[in-house]
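One-letter residues, chain by chain:
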Amino acid sequence: MSPKQIHPNDCEKLTDKMCARIKMWSSRNLSYAGRLQLVNSVLMTISSYWCQIFVLPRKVIQGIIGVCRAFLWHGTYSSHKMSLVAWDEVCKPKQEGGLGIRNIHIWNLAAVGKHVWAIANKEDNLWVRWVHTIYIRDQSWVGYRPTQICSWIWKLFCKIKDDLLEKQIDLHSNKYSIKQVYDSLTHTGGKVHWDKVVLNRAALPKQQFLMWLSIRGRLLTRDRLSRLGMSTETSCCLCQSGEETHLHLFFQCSFSRECLSRLMQWMDCRTQHNDLHQLVNWIGRNYKGSRLRRQLYGAVVSALAYRIWQTRNDMLWNQNRISADSIVREIQYVVKNRIQFVGRMSSLDKEWIDAL
Ligand SMILES: [Zn+2]
């Protein structure tokens, strides 16, 4: 742990390192899903290391978030353009509607909390013995308050201790796990009904990401663009009737509904829902069949939502129209092949898949 106050300039090396990587990746044409994986793995690994050594200044944390946010949404290391979803939402746990990207600020708190826990448990090391002798003496650590003349870093430790106690973290447990503390600090209990279907492993990562944006209503559909003053045209280019909203595209539009009902028929799935939220809720909660069938239904809906959005873009920008028939055939082929590699399946399910 650093004994002195860390200055934002000290962390320049960290942000420089991140920017250098991102400059290298920016030249590649990565999808949102690809960028998400990189943000998750590499950027968070670099920052987690620093988080465990220093209490990072707010300015540094904001710098790290700025780089991650710009890369995720715009594929570059610096951007002031709008993000489709706020960073705090992206960082929420998956069960609560986020993508589970690490929240650096909370991770830093949980990581530094390990030293607060070590003081509470009087761990046998020089630093812990020193703070007990110099500062705490015979007082209780839980109720301890620093005096005005205490050092900056010590006051900060006491503040972190109070924050952890306020969040009801047990400082006298036998073991301290940064991950567990982080999880209890980030979970608020506000669960969503759709995470398992939307982030279903049977769907491709790019389809999962698009589904996540659609279910949150964050795609730049024509009704949203017009509300933002970026377009005056609001009609759906797939059916030429009706306003292009999320509800319309997924799946009340005659074009997308036709694809959906043909795919549902193909899988012998008898739900009549054509609203994305209701459909996802039905697959995740009300459908009582095998796990594999549920995964297949979820994968087909994700593949279709992705293809509808792609078809809409292709139509809008290139005036290129693809038929419902080829979309249905392509999804049948891709999903049927992919589902066989997702996990173990019963012989009954295998027979059913083979017959599709
Ligand atoms: Zn339409």
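The shown structure was predicted, so the numbers you read here are calculated from the model rather than taken from an experiment.

Caption draft 1: Representation of the overall build of the protein. When you go through the protein residue by residue, the secondary structure sums to 17 helices and 0 strands. Expressed along its principal axes, the backbone C-alpha trace of the protein runs to roughly 75 × 50 × 35 Å. Burial status across the protein gives 30% buried among its 356 residues. Here the contacts in the protein between residues at least 6 apart in sequence split such that 66% fall between residues at least 24 apart.

Caption draft 2: Spotlight on helix H3 (residues 58-74). Here H3 contains 17 residues, and its C-alpha end-to-end distance of 23 Å stays within 8% of the 24 Å for a straight helix at 1.5 Å per residue. When H3 is considered as a whole, its buried residues turn out to be Val60, Ile64, Ile65, Val67, Cys68, Ala70, Phe71 and Leu72.

Caption draft 3: How the structure looks around the domain arrangement of the protein. Looking at the protein, the domain boundaries give domain 1 (8-84), domain 2 (107-186) and domain 3 (195-355). On a C-alpha basis, the centres of domain 1 and domain 3 stand 31 Å from each other. Each partner contributes residues to the interface: domain 1 has 5 residues there, and domain 3 has 6 residues. Taken together, the residues of the side of domain 1 that touches domain 3 break down into 4 nonpolar, 1 polar and no charged.

Caption draft 4: Examining the nonpolar core more closely. Judged by nonpolar contacts, the single largest core of 77 residues is most densely connected at Val280, Val300, Leu304 and Ala305. With 12 residues, helix H15 (residues 291-318) is the largest single contributor of residues to this core. The contact partners of valine 300, leaving out residues within four places of it in the chain, are Leu263, Met267, Ile331 and Val335.

Caption draft 5: Seen up close, the confidence of the model for the protein. Summarising the model, the protein shows a mean pLDDT of 87, and 95% of its residues fall at 70 or more. Predicted confidence in the protein is weakest over helix H1 (residues 12-26), with a mean pLDDT of 74, and strongest over helix H12 (residues 246-252), with 96.

Caption draft 6: Focus on unusual backbone geometry. Put simply, phenylalanine 250 and phenylalanine 251 share a cis peptide bond, and its omega is 0°. Tracing the backbone through its elements, the reader meets phenylalanine 251 in helix H12. Although it is not a glycine, glutamine 240 sits at a positive phi angle of roughly 60°. Among the structural elements, glutamine 240 can be located in the loop between helix H11 (222-227) and H12.

Caption draft 7: Looking closely at the packing of helix H10 (residues 205-215) against H15. Following both chains from N to C, one finds H10 and H15 inclined at 80°, their axes separated by 8 Å at the closest point. When the axes of H10 and H15 are compared, the pair comes out roughly perpendicular. Seen from H10, the contacting residues are Lys206, Gln207, Gln208, Leu210, Met211 and Ser214; seen from H15, they are Ser302, Ala303, Ala305, Tyr306 and Trp309. For the contact of H10 with H15, the per-class residue count stands at 6 nonpolar, 4 polar and 1 charged.

Caption draft 8: Seen up close, the environment of alanine 86. In this structure, alanine 86 sits in the loop between H3 and helix H4 (87-90). On the neighbour-count criterion, alanine 86 (11 C-beta atoms within 10 Å) is exposed. Through-space distance from the C-alpha of alanine 86 to that of arginine 69 is 9.1 Å; in sequence the pair is 17 residues apart.

Reading guide: rules and limits
Residues numbered from 1 in each chain as written. Predicted model: local features only at pLDDT ≥ 70, side-chain atom pairs only at ≥ 80, totals over all residues. Helix = DSSP H or I, 4+ residues; strand = E, 2+ residues; numbered from the N terminus. Buried ≥ 20, exposed ≤ 12 C-beta atoms within 10 Å, placed from the backbone. Contact = placed C-beta atoms within 7 Å. Expected span 1.5 Å × (residues − 1). Domains from an automatic or database assignment. Nonpolar A, V, L, I, M, F, W, Y, C, P; charged D, E, K, R; others polar. Core = buried A, V, L, I, M, F, W, Y, C linked by C-beta atoms within 7 Å. pLDDT = per-residue confidence, 0-100. Axes fitted to C-alpha atoms, helices over the stretch in contact; angles between N-to-C directions. Parallel < 35°, antiparallel > 145°, perpendicular 65-115°, else oblique.

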